Amino acid sequence: MTGIMVRTEDLDVSYGDTRVLQAVSLAVAGGSFIGILGPNGCGKTTLLRALSRIIDPAAGTVMVDGRDIGTYSIRGLATIMGAVPQETAVTFDFTVEEIVQMGRHPYLGRLSSMGEEDYAICRHAMEITNTAYLAGRLITEISGGERQRVLIARALAQRPRVLLLDEPTSHLDISHQIEILSIIRGLVPEVTVIGVFHDINLAAYFCDTIILMERARIAAVGTPAAVITDKNIREIFGVEMIVRTHPITGRPYAVPRYEPGPVAGHPLRVHVVCGGGTGAETLYALRSAGHEVTAGVLSANDSDCTAAEGLGIRVIREPPFAPISSRSLEEYAAVLQASDAVVVTGMPVGPGNIDNLRTLGDHAGLLVFLLSPGGTDPADHDYTGGEATAILDALLKNGAVRVGSVSELLDRLAARRADRP
Ligand SMILES: Nc1ncnc2c1ncn2[C@@H]1O[C@H](COP(=O)(O)OP(=O)(O)OP(=O)(O)O)[C@@H](O)[C@H]1O
């Protein structure tokens, strides 16, 4: 058995005179996990309420399993649809076990009481949500995260074929977030799951389809990769995020990009010689501090190249696996000439990129910083038979400065900047 399909057509919902959903049409395939994302107040909870018939639409229809939701009896709807609300405060002094058993009410006749199967279903719901140990506790005397798991257990006790979740992990610590979402993910495809999320990365990881809402309407629907893009996030949330494909999960993930504040004094032109992921933190910090940053020469498949380009930093780059060309070396030499400072991170130096250091060694008089965070040294990764180490030693003799952390580097550059007219 698979979860059932949910559709809306031209759904309008209002609170009083205020239209909160406008012409919302969506089709949720049976047996999939849908994540709804969108800014505060855009109508996500209202959409869930309309899907579960807590509020009636002003216009349009909600179809559940091909039937207008209005044609279900309350009890009939409760045997196919479970909902976990956003507000988990419960004011009555029921025990956790009693709360979970309420999930069986739609199945019981007016005078009939719970049977062995009902108890077994409740026990199972409590086991998989890790709430069995709370059975005898009062719902009013447990933590917000525990209560959230109990309400999920109650919804599971309904044995729903559609599960609606409003921010199901908002009160949960990271281990319970992953545990609960893995459990919910495991319900698919027997259950159709529709959840409101604020955490873009959790939604991207767990959901099959993302619905991105903006005020009162749907802005985009599709796979996480199609919907979670820096452009969509900028347009809908008004923030800059760096969106990449996660190297292990293959799903998109997003991290905030902090734009540099106003620069105090005159920004410096800083060139970063890096590679193999050793430069990303430095590039980000220099850019955020307002310096004019360049990087290279880097291979296009180096993660530092991806990082620099993601930050809008000019990179002197070569195609993947190609040796450094004389054209790039000329460009690099010209950039060095125009730079106020050069930073060499603890990159691996091999035959493919020794030219970066040779060219740097040829430019006497540059202000060079060798970044050796945590005791790692650019020379620790010398795969050139000692040539790279010899060049770095010569640079140190000629006044290059060894710095132990990115913040020390920033301090030294800030002092330098303050000295300038
Ligand atoms: N009971 C209500 N009466 C009047 N207005 C309401 C009511 N509930 C919500 N609203 C308003 O409707 C709009 C949509 O609210 P809704 O709760 O659906 O948004 P949301 O996207 O779930 O927000 P959040 O991310 O903050 O939970 C908001 O402007 C909100 O102020």
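Residues numbered from 1 in each chain as written. Predicted model: local features only at pLDDT ≥ 70, side-chain atom pairs only at ≥ 80, totals over all residues.

By the naming in an unreviewed UniProt entry, the protein is Cobalamin import ATP-binding protein BtuD, taken from Methanofollis tationis.

### Considerations on the overall build of the protein
Threshold: Each helix is a run of DSSP H or I of at least 4 residues and each strand a run of E of at least 2, with the numbering of both proceeding from the N terminus. Radius of gyration: over C-alpha atoms. The globule rule applied is 2.2 Å multiplied by the number of residues raised to the 0.38 power. Partly exposed residues are those falling between the two cut-offs: more than 12 but fewer than 20 other C-beta atoms within 10 Å of their own, whereas 20 or more means buried and 12 or fewer means exposed, with C-beta atoms placed from the backbone. We call two residues in contact when the distance between their C-beta atoms, placed using the backbone, is within 7 Å.
Within the protein, the secondary structure is distributed over 15 helices and 18 strands. A globule of 421 residues ought to have a C-alpha radius of gyration of about 22 Å, yet the protein, at 29 Å, is considerably larger. If one aligns the C-alpha atoms of the protein with their principal axes, the spans along those axes are about 95 × 45 × 40 Å. Considering the protein as a whole, with its 421 residues, one finds that 39% of them fall into the buried category. For the protein, restricting intrachain contacts to residue pairs at least 6 apart in sequence, the fraction spanning at least 24 positions comes to 68%.

### Regarding the pairing of strand β16 (residues 341-344)
Applied cut-off: When DSSP locates at least two bridges between a pair of strands, those strands are taken to pair.
Burial along β16 is two-sided: the residues A341 and V343 and V342 and V344 are all buried. Relative to β16, strand β13 (residues 269-273) is paired through four bridges, and the arrangement is parallel. When the sheet's bridge partners are listed, H271 is paired in β16 with V342. Sheet topology places β16 next to strand β17 (residues 368-371); three bridges connect them, and they run parallel. Paired with V343 across the two strands is F369, which belongs to β17.

### Structural notes on the domain arrangement of the protein
For the record, the criterion: Where each domain starts and ends comes from a domain assignment, either automatic or drawn from a database.
You can read the domains of the protein as domain 1 (4-256) and domain 2 (269-418). Just the C-alpha atoms count here: the centres of domain 1 and domain 2 sit 49 Å apart.

### Focus on the sheet that holds strand β10 (residues 217-222)
Strand pairing in a sheet relies on backbone hydrogen bonds, with the paired strands running either antiparallel or parallel. Test applied: Orientation is described by axes fitted as lines to C-alpha atoms, over the contacting stretch for helices, and by angles from 0 to 180 degrees between their N-to-C directions.
Spatially, the six strands line up as an open sheet ordered β6-β7-β8-β3-β9-β10, and their pairing is mixed. Two strands close off the open sheet at either side, each with one partner strand: β6 (81-84) and β10. Pairs of neighbouring strands in the sheet enclose a mean axial angle of 15°, with direction left out of account. Packed on one face of the sheet, helix α5 (residues 144-157) meets β6 and β7 (162-166) and runs near 175° to β6.

### Notes on the sheet that holds β16
Ordered by their spatial adjacency, six strands build an open sheet running β15-β14-β13-β16-β17-β18, and the pairing between neighbours is parallel. The outermost strands of the open sheet, each flanked by one partner alone, are β15 (314-318) and β18 (401-403). The mean inter-strand angle of the sheet, taken between neighbouring strand axes irrespective of direction, is 20°. Helix α12 (residues 326-338) rests against β13, β14 (292-299), β15 and β16 of the sheet, and its axis sits at about 155° to β15.

### Considering the nonpolar core
Under the convention used in this document: Under the definition applied here, buried Ala, Val, Leu, Ile, Met, Phe, Trp, Tyr and Cys residues are grouped into a nonpolar core through C-beta atoms within 7 Å.
Counting residues in hydrophobic clusters, the biggest one holds 67 residues, and the most contacted among them are I36, V100 and L164. Counting residues per element, this core draws most heavily on α5, which supplies seven residues. Ignoring sequence-local partners within four residues, the contact set of V100 consists of C122, A125, M126, V150, A153, R154 and A157. In terms of nonpolar packing, the next biggest core, distinct from the first, is built from 39 residues, V297, I324, V349 and F369 among them.

### So, the site of the ligand
Note the threshold: The rule is simple: place the C-beta atom from the backbone, and if it lies within 6 Å of a molecule or strand, the residue is near it.
In the vicinity of the ligand, the residues found are Y15, V20, G38, N40, G41, C42, G43, K44, T45 and T46. At three residues, the largest contribution of residues to the shell around the ligand is made by helix α1 (residues 44-51).

### Brief notes about the confidence of the model for the protein
As a note on interpretation, predicted positions should not be read in detail where pLDDT is low. Our working definition: Each residue carries a pLDDT value, the predictor's own confidence for that position, ranging from 0 to 100.
Taken residue by residue, the protein gives an average pLDDT of 91. The fraction at 70 or more is 95%. Here helix α15 (residues 406-419) stands out as the least confident element of the protein, with mean pLDDT 84; strand β9 (residues 209-214) is the most confident, with 98. For this predicted complex, the interface score ipTM comes out at 0.98, alongside a pTM of 0.81.

### Brief notes about the packing of helix α4 (residues 116-128) against α5
Selection criterion: Handedness of a helix crossing follows the sense of rotation of the near helix relative to the far helix, less than a right angle counterclockwise being left-handed and clockwise being right-handed.
It is the contact of α4 with α5, at a shortest axis distance of 8 Å, that shows an interaxial angle of 140°. Where α4 crosses over α5, the two elements pack in a sense that is right-handed. Taken together, the residues of α5 that come into contact with α4 (itself represented by I121, C122, A125 and M126) are A153, L156 and A157.

### What about helix α11 (residues 303-310)?
Going by this rule: Here, the arc refers to the directions that run from the helix axis to the C-beta atoms.
Those residues of α11 not exposed but buried are D304, C305, A307 and A308. With its buried residues spanning 160° around the axis, α11 presents them on a single face. Looking one or two residues past α11, G312 carries a phi angle of roughly 75°, positive in sign.

### Concerning the environment of T95
Relative to the helices and strands, T95 is located in the loop between β6 and α3 (96-101). When residues no more than four places from it in sequence are discounted, the contact partners of T95 are A135, G136, R137, L138 and I139.

### Focus: the environment of D166
Structurally, the position occupied by D166 is in strand β7. A tally of 22 C-beta atoms within 10 Å means that D166 is categorised as buried. Remark: the alpha-carbon pair of D166 and T359, spanning 193 residues in sequence, is separated by 58 Å. Residue contacts for D166: discarding those within four places in its chain leaves T45, L48, V84, P85, Q86 and V196.

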